[in-house]
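Okay, here's what each chain looks like letter by letter:
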Amino acid sequence: MKISVIGTGYVGLVTGTCLAETGNEVLCIDINEEKVKQMQEGIVPIYEPHLDVLFERNIKAGRLTFSTSLEEGVNHGDIIFLALPTPEDEDGSADLSYVLGAAKDIGQLIKDYKVIVDKSTVPVGTANKVTEVISKETNVDFDVVSNPEFLREGFAVDDFLKPERIVIGSSSDKATNLMEKLYKPFVRSGNPIIVMDEKSAELTKYAANSFLAAKITFMNEIANFCEKVGADVDMVRRGMGTDSRIGKRFLFPGIGYGGSCFPKDVKALHKSGKDNNYNFQILDSVIQINNKQKTILLPRIESYFEGDLKGKTFAIWGLAFKPETDDIREAPSIYIMEQLLEKGAKLQVFDPEAMPNIKKRFGDTLQYVDNMYAATKQVDALIICTEWSIFRTPDFDKLKANMNTPVIFDGRNLYDLEDVKNQGFYYSSIGRKTIG
Ligand code: UDX
């Protein structure tokens, strides 16, 4: 099939590349000329495991091409994916200007039947709006379909190639058939393609992400309560997670969820509720609790150092909002580092992938080092913000030799309490006993 993808951000690029992998002819469109030039030369503009291999293979095979011309894109694809940004507006709602702008342009360029697919996360009713906008510009037959993505950063290629489900919101049999044909190779295992109306599909995405954010937030509250009563959240998590109705995943407490999806989507659903006279109380709490959770380490650090952080030096391990990505959007590390800098502390930071992005944001206010141990040289404490695998089994003797004082504040519960105790560290984590 011939596919066009408008927008080569994270979602567009993964979608385009993976659709080329099953033999489709994919043309990706972006207005950024420099980026398009880079991609034509085979350079992947984002960090995402395995994407580079697929990218190179499909470009070489001539199935994956790039252009800045929307007209070319509209002519090329039988199916046109809109993978455009839907940033958070000041009031928390999703800004649809990119999506509706592209819809208008498509309306002016369309010459024969096309399926236009909303891949971006968009509020309920957007497929109708896109249809209206295109209809104003043309009499040519077309259908608009909602097909939300459920890609996790760091696992996006795998999630796309082996999805647990595909959701298609469509009220046209012709469009549904084309979409099913496109996705069939990805669900050979028997995972379902669930066809529903457009609004339900749009809401499915928000409901799934908000539920997961609420699940994490619930565990963060349980963790905070564990600390008050002397329980161990690791045990509680295991005790709960074995109930198949609850499930083992997404029960890990920490210093709050971040990233480009959860924070934005929870706020957007909350705002969407308001717009429709519905007060999502639970989402209100999720937003507030998560904001608080991101700053939970500071009072502990301050209390350990008796309120005086001026001139203290800290190592920060992990800057990305989660492992296996260079994405720092809404990363808890940002909030912690801003607070520590404000209190006059010096920070030596390390992350396996996110250093360039952090440098762009923090400039020379931080000290950047090129490995995890260098970050700990002569520091008063180590603060862990992201659970990269490389941080899981450090050489504790080396750490002790490097650090002024053996103190760890762990926002991701990486270590066994007995281990750190035996190593002689002061160790504060989330929802567990403080050691030392
Ligand atoms: C998420 C959804 O998982 C994906 O389906 C959707 O399409 C996009 O949003 P992503 O933002 O890439 O994906 O990250 P994810 O792995 O889901 O983690 C989100 C946040 O939750 C991270 O900040 C992570 O640290 C946090 N998290 C996750 C926890 O704090 N505890 C957990 O148990 C799981």
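Residues numbered from 1 in each chain as written. Predicted model: local features only at pLDDT ≥ 70, side-chain atom pairs only at ≥ 80, totals over all residues.

1. Here's the deal with the overall build of the protein
The secondary structure content of the protein amounts to 17 helices and 14 strands. The globule rule puts the C-alpha radius of gyration for 436 residues at 22 Å, and the 24 Å found for the protein is close to it. Each principal axis of the C-alpha distribution contributes one length, and for the protein these read about 70 × 45 × 40 Å. (Helix = DSSP H or I, 4+ residues; strand = E, 2+ residues; numbered from the N terminus. Rg over C-alpha atoms; globule rule 2.2 N^0.38 Å.)

2. Notes on the pairing of strand S3 (residues 64–67)
Residues Leu64 and Phe66 point to one face of S3 and are all buried, whereas Thr65 and Ser67, pointing to the other face, are not buried. Two elements, strand S2 (residues 25–29) and S3, share 4 bridges in a ladder whose sense is parallel. Note on S3: the bridge partner recorded for Leu27 is Thr65. (Buried ≥ 20, exposed ≤ 12 C-beta atoms within 10 Å, placed from the backbone. Pairing = 2+ DSSP bridges.)

3. A short note on unusual backbone geometry
The phi dihedral of Glu330 falls on the positive side, at around 55 degrees, and the residue is not glycine. Mapped onto the fold, Glu330 is located in the loop between strand S9 (313–317) and helix H14 (332–342). One non-glycine residue, Gln378, adopts positive backbone phi at about 55 degrees. Examined against the element boundaries, Gln378 turns out to sit in the loop between strand S11 (367–368) and strand S12 (381–384). On the basis of neighbour count, Gln378 is assigned to the exposed category, with 10 C-beta atoms found within 10 Å.

4. Remarks on the domain arrangement of the protein
Once the domains are mapped, the protein shows domain 1 (2–196), domain 2 (206–293) and domain 3 (297–428). Of note, the centres of domain 2 and domain 3, computed from C-alpha atoms alone, are 24 Å apart. With 8 residues of domain 2 at the contact, the number on the domain 3 side is 12 residues. (Domains from an automatic or database assignment. Contact = placed C-beta atoms within 7 Å.)

5. Quick notes on the UniProt feature "binding site: NAD(+)" (unreviewed entry) in the protein
Mapped onto this numbering, the UniProt entry gives "binding site: NAD(+)" (unreviewed entry) at Asp30, Lys35, Thr86, Thr121, Glu153, Lys264 and Arg329. What stands out for the annotated residues spanning 300 residues is how far apart their C-alpha atoms range, the widest pair being 25.2 Å apart. By C-beta crowding, Lys35 is classed as partly exposed, having 17 other C-beta atoms within 10 Å. What Lys35 contacts, discounting residues up to four positions off in sequence, is Thr8, Asp30 and Pro45. (UniProt positions renumbered as here; feature names shortened; annotations may be inferred.)

6. Points about helix H8 (residues 173–183)
What H8 keeps buried is the set Ala175, Leu178, Met179 and Leu182. Down the axis of H8, the buried set is contained in an arc of 95 degrees. They therefore lie on one face. Turned more than 90 degrees off the buried face of H8, the exposed positions are Asp173, Asn177 and Lys181. Next to the buried residues of H8 lie strand S4 (79–82), strand S5 (114–118), strand S6 (142–146) and strand S7 (166–169). (Arc of directions from axis to C-beta.)

7. Quick word on the site of the ligand
In the neighbourhood of the ligand, 18 residues make up the surrounding shell, with Glu153, Phe252, Tyr257, Gly259 and Cys261 lying closest. Split by residue class, the shell around the ligand holds 10 nonpolar, 4 polar and 4 charged. (Near = placed C-beta within 6 Å. Nonpolar A, V, L, I, M, F, W, Y, C, P; charged D, E, K, R; others polar.)

8. Here we look at the UniProt feature "binding site: substrate" (unreviewed entry) in the protein
Those residues carrying the UniProt feature "binding site: substrate" (unreviewed entry) are Phe150, Leu151, Arg152, Glu153, Lys205, Phe250, Leu251, Phe252, Pro253, Gly254, Gly258 and Lys322 in this numbering. For the residues just named, distributed over 173 residues, the greatest C-alpha separation reaches 23.7 Å, placing them at more than one site. Mapped onto the elements of the fold, Phe150 is located in the loop between S6 and helix H7 (156–161). Non-local contacts of Phe150, meaning those with residues more than four positions away in its chain, are made with Asp159, Pro163 and Ala208. Among the structural elements, Pro253 can be located in the loop between helix H10 (233–241) and helix H11 (262–275). Take Pro253: there are 27 C-beta atoms within 10 Å of it, and that puts it in the buried class.

9. A look at the packing of helix H9 (residues 198–229) against helix H12 (residues 281–293)
Between H9 and H12, whose axes approach to 9 Å, the crossing angle comes to 55 degrees. Considering the angle they form, H9 stands oblique to H12. Handedness of the crossing formed by H9 with H12: left-handed. Facing Ser210, Ala213, Ala214, Thr217, Asn220 and Glu221 of H9, the residues of H12 in contact are Ile282, Leu283, Val286, Ile289, Asn290 and Gln293. Broken down by class, the residue content of the contact of H9 with H12 amounts to 6 nonpolar, 5 polar and 1 charged. (Axes fitted to C-alpha atoms, helices over the stretch in contact; angles between N-to-C directions. Parallel < 35°, antiparallel > 145°, perpendicular 65-115°, else oblique. Left-handed = near helix turned anticlockwise from the far one by under 90°.)

10. Some points on the environment of Gly247
Within the secondary structure, Gly247 sits in the loop between H10 and H11. Its 12 C-beta neighbours within 10 Å are what place Gly247 among the exposed residues. Distance in space between the C-alpha atoms of Gly247 and Asp118 is 30 Å, their sequence separation being 129 residues.

11. Things to note about the nonpolar core
As a rule of thumb, soluble globular proteins bury nonpolar side chains together. If you look at the biggest cluster of nonpolar residues, it comprises 75 residues, and the most contacted ones within it are Ile6, Val14, Phe81, Leu82 and Ile116. In terms of residues, this core owes the most to one element, H9, which gives 9 residues. No fewer than three residues from each of domain 1 (2–196) and domain 2 (206–293) sit in this core. With residues up to four places along the chain from it excluded, the contact list for Ile6 reads Ile29, Leu70, Gly73, Ile80, Phe81, Leu82, Ala83, Leu84 and Ala102. (Core = buried A, V, L, I, M, F, W, Y, C linked by C-beta atoms within 7 Å.)

12. Notes on H14
Looking only at H14, the buried set comprises Pro332, Ser333, Tyr335, Ile336, Met337 and Leu340. Within two residues after H14, Gly344 carries a phi angle of roughly 90 degrees, on the positive side.

13. Points about the environment of Glu302
Mapped onto the elements of the fold, Glu302 is located in helix H13 (residues 297–304). Separated by 248 residues in the primary sequence, Glu302 and Leu54 have C-alpha atoms spaced 47 Å apart. Residues within four places of Glu302 in sequence aside, it is in contact with Gly307 and Leu309.

14. A look at the sheet that holds S11
Sheets are built from strands paired through backbone hydrogen bonds, the pairs being either parallel or antiparallel. What the 6 strands build is an open sheet, ordered S11-S10-S9-S12-S13-S14; its pairing is parallel. The outermost strands of the open sheet, each flanked by one partner alone, are S11 and strand S14 (426–428). In this structure, S12 lies alongside strand S13 (residues 407–410), joined through 3 bridges in parallel fashion. When the sheet's bridge partners are listed, Leu382 is paired in S13 with Ile408.

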